[in-house]
Structure formats: C-alpha cells, structure tokens
Amino acid sequence: MMSQRNPIPRRQVLIQGGAAAAGLAILPTDIFRGWLAGFEQEAVIPWVERPHPGTRERVNVLNWEEVDSWITPTDQMFRVGHYGSPVIAESDWNLEIGGLVDRPGTFSLADLRARPRQEVVFTLECSGNRGRPSFIGAVHNARWAGVRLADVLTEAGVQEDGIEVVFFGADEGEEEIRGNTVTQNFARSLSLEDAMDPGVILAWEVNGEPLPNAHGFPLRVIAPGWYGIANVKWLTRIELRDRRFMGKFMARDYVTLRAEERDGATVWTETSVGRANINSVPAKVIRNGDSHAIHGAAWGADIAAVEVRVDEGPWRAATLGEGQGDPHTWTFWHIDWDATPGRHRIVSRAIDADGNVQPAADDPMLVNKRTYWESNGQLTRSILID
Ligand SMILES: Nc1nc2c(c(=O)[nH]1)N[C@H]1C(S)=C(S)[C@@H](COP(=O)(O)O)O[C@H]1N2
Ligand SMILES: [Mo]
C-alpha cells in the first residue's frame, strides 16, 4: 500500500530540470530548499478521528495508517473468541466426523496433512466491523493452508438426507435458552452445497506457520467469501444433519434485523449473517514532498473499481493494485490528490464486477437495519492538511 519509495518526487525533478534548462536564475537557497524537500521522507498524515484507544488492545484490530503489506502479518491479525480462547495440545486433539455419513471417523493432524494440501489467501472480516464508528480494523488478509473440506466430506460419504454441515469448536459457554441453562460449544453450519465449494478448507497453517492458539490451533474452518463468524476455530467435530442448524451463532446472535419496504408497506426481516458484503476504506493519506496520495483497500466481492470523493468534488476512479481479480482477497487501491490546506472529508466506494456499488452511509438498506452486523456503508474520514 505504500507508494514507491522514490526519494525525489518526479514533479520536483521536472520543475527544477525545466527551470535549469530554460536558463532561469535559481538562487542557491532555492535549490537547497528544493533538494531538501525532495529527500524528505514520505509521511502518513494522521486522520482527524482516531480509532477508540480501547478497541485496539482488546481484539488487536488493524491500525489502517500502519498497514503496509498486502498479507497481514500474523501478529497484526484481529481475533475474536466468544467463549474465551482455548489452548489445545495437539496430542489431546482429534477431529471427529459423524452424523449422516457412511464412514464416520476421527482424524489426527497428521492424518489430515497426509491429504492433498490446499492454500488460499482470504480477507476475513468480522461482521461486526464498522458496527461502531471507531471500530474499523476487524479485518485481515492472510494465507491459509490445509485440506479441502470437500475431500474430507467425500471420503466420509455424505448420506442422501445430509443437507447441513455443522462445525463445532472446542470453546464452550453457558447459555440461557427458553428457561434452560445449558453448556454448549461454539458452532456454526454451512449448507452441504456451500460446504462442498472447493475454496473451503480445514486449515492448520496461517502465513506459513501452525495456527496460533488465538486463531484456532490446531484446526479451523476457512470459508472464503463468508464473514468471520463462519470460520469456526478450534474445530473438534463436523456433523452432517438432515435439517437446518439453529444454534446461537446462526439464529439468535449474528441475525440482521431490517425493515424492508415492499409496495409501500414495511416488512421486517431477520437474516443469519453469512456471506460477506462489499466494503472499502480509505486507509491513509501519504504526503511525498508536496504531492499527496490516498491509499485504501476494498474487499467482500469481486472488486472491479473503487471511486474516491473529496469534500463535494466529483467521484474519481482510483488505481487498483495488489489483489485485483481475486474475489476472496482485498484489493489495494490508491489515487493522487491535489491537496489544499484545510480540513477535508475523504470517502471511498467499491464497485463489484456486476456493477453493484457499496451503499452510501444513508442508504435505506443500512438506515433501516437495527442490528450492528453487516455495516458496510461508505466510510468518510476527515483529515487536516497544513
Ligand atoms: N470456535 C470459535 N470460532 C470462531 C469464533 C469463536 O468465538 N469461536 N469467532 C468467530 C468470529 S465472530 C470471527 S470474526 C472470526 C475471527 O477469526 P480470527 O480470530 O482468527 O481473526 O472467528 C470466528 N470463529
Ligand atoms: Mo466476528
């Protein structure tokens, strides 16, 4: 995301070269000043609104102004654990596959590693990201490795009435359900069709290393194209069932409540958070000498374009960079900006390959949403140029 580290901005060279070629008198002090400006380090100009100081510590969210590699270093990845963060010894662990399969069984990590290895780079965003104005860094782009879920399911032999694949984590908590106090494990499901997508893997590795405890050691689901919640960590059991699964994280939490308008009437809908939504953020403004550039990222869809608007100016097309063309990773983008002194508002919007535009913050789909998940509206950030 950093612009090229060119010590002398091109414009400066051209201005000086042009003046010299034209034989104009340049005082030595002007040359010296120009030379100094040319060698000034490029600098990130901080946004006016700072992320809430507490949030970064608690879940290790990204600080966008510091993002400078397309792959998120593992120690900068945010993490979420609804029932804490279990520490599992590999020797005490195996993966069970059961329910409506012909060949139920258990696998050690070595058993899984013996199968064909599959890698995927995937931008995983928490569906709660952007749910509060200051909470904007719960997203990471990492390289995961493991085995295809489809291979494991095919080997187990899914029976004809198996339509739902439920993933259970080792983490558990106490829940009050209609007057019952029960202890239950974190669990999420995918339909069999979604689970058989060749992109979905059971991952034991991230960025070339075994999973850290916080990210699901020894094994987790990685479901590219889905929000974070679908990517079950500390996986211990996969179960095939003949009906929809309605656990807490499918059907009580992570449910989006929205008023939809239909023929002048309001219809309230509740939908389970699942597939990712298109999103983008302006990440940072970089000054290099006296030129400025806005850098950002877009994800959650097959990104075809990103447009940027400053204050009341026109929407301008950004240049897409790394990640372009892969629907499951973020795409970095940047755009030059002729910045003038004063306070400015910068907003970006991503557009997917089908022409769908990331919704404006005041889009009725967002305004009429009463829960905080899936808040993917255009993000406006303020900056002060001196
Ligand atoms: N077992 C288990 N898996 C889980 C969760 C959890 O609480 N328990 N949280 C989910 C949520 S809400 C998110 S956003 C992602 C975050 O993945 P990360 O912690 O590796 O960044 O994990 C998902 N998988
Ligand atoms: Mo999440």
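These remarks concern the structure in this document. Each chain has its residues counted from 1, following the order in which its sequence is written. Whichever chain is written first is A, and whichever ligand is written first is 1; the rest continue in order. The model is predicted, so local features are restricted to residues of pLDDT at least 70 and side-chain atom pairs to those at 80 or more, both for listing and for counting; the totals for chains, interfaces and linings are taken over all residues. Only heavy atoms go into the side-chain values, all of them from the structure, while hydrogens and water stay out.

Our focus in this paragraph is the site of ligand 1. Put simply, a residue is near a molecule or strand once any heavy atom of it comes within 4 Å of that molecule or strand. Phe78, His82, Asp171, His215 and Lys233 are the nearest of the 18 residues found near ligand 1. Within the backbone of Phe78, one N or O atom sits 2.6 Å away from an oxygen atom of ligand 1. Under the rule applied, a polar contact is a pair of N or O atoms within 3.5 Å (in protein, one hydrogen donor and one hydrogen acceptor; residues adjacent in sequence only if both atoms are side-chain atoms). Val80 has a polar backbone atom sitting 3.0 Å from an oxygen atom of ligand 1. In the complex, the protein chains occlude 100% of the 530 Å² of accessible area that ligand 1 would expose alone. When residues are grouped by polarity, Ala, Val, Leu, Ile, Met, Phe, Trp, Tyr, Cys and Pro land in nonpolar, Asp, Glu, Lys and Arg in charged, and all others, Gly among them, in polar. Across the shell around ligand 1, the residue classes tally to 8 nonpolar, 6 polar and 4 charged. Residue exposure ignores everything except the shown protein chains as possible cover, and the areas themselves are Shrake-Rupley values with a 1.4 Å probe.

Salt bridges are counted wherever a side-chain nitrogen of Lys or Arg sits within 4 Å of a carboxyl oxygen of Asp or Glu. For the coordinates displayed, the defined rule picks out 16 salt bridges. Residues Glu119 and Arg143 are paired through a salt bridge, measuring 3.5 Å at the closest nitrogen-oxygen approach. Remark: Arg143 occurs in strand 5 (residues 139-148) and Glu119 occurs in strand 4 (residues 118-125); sequence separation between them is 24 residues. For Glu260, the salt bridge identified is with Arg262, shortest N-O distance 2.8 Å. Judged by its relative accessible area of 24%, Glu260 falls in the partly exposed class. Among the charged side chains, a network of salt bridges with common partners joins Glu96, Arg237, Glu239 and Arg241. Helix and strand assignments come from DSSP, with helices taken as H or I runs of at least 4 residues and strands as E runs of at least 2, each series counted from the N terminus. Type-normalised accessible area, obtained with a 1.4 Å probe on protein chains alone, sets the label of each residue: buried when under 20%, exposed when over 50%, and partly exposed for intermediate values.

Pairing between the strands of a sheet comes from backbone hydrogen bonds, and it takes one of two forms, parallel or antiparallel. Ordered in space as 1-14-15-19-18, the 5 strands form an open sheet in which the pairing is antiparallel. The open sheet has two edge strands, strand 1 (43-45) and strand 18 (319-320), and neither has a second partner. Bridge count for strand 1 against strand 14 (residues 279-288) is 3 bridges, and the pairing is antiparallel. Counted as the bridge partner of Ile45 is Val285 from strand 14. Any two strands with at least two DSSP-identified bridges between them are counted as paired.

Looking down a regular strand, the side chains alternate between one sheet face and the other. As paired elements, strand 2 (residues 95-99) and strand 3 (residues 105-107) share 3 bridges and run antiparallel to each other. What sits directly across from Leu95, in strand 3, is Phe107. Hairpin geometry of strand 2 and strand 3 is characterised by an intervening segment of 5 residues between the two adjacent antiparallel strands. Looking at chain direction, strand 2 and strand 11 (residues 235-241) are connected through 4 bridges and run parallel. Bridged to Gly98 within strand 11 is Glu239.

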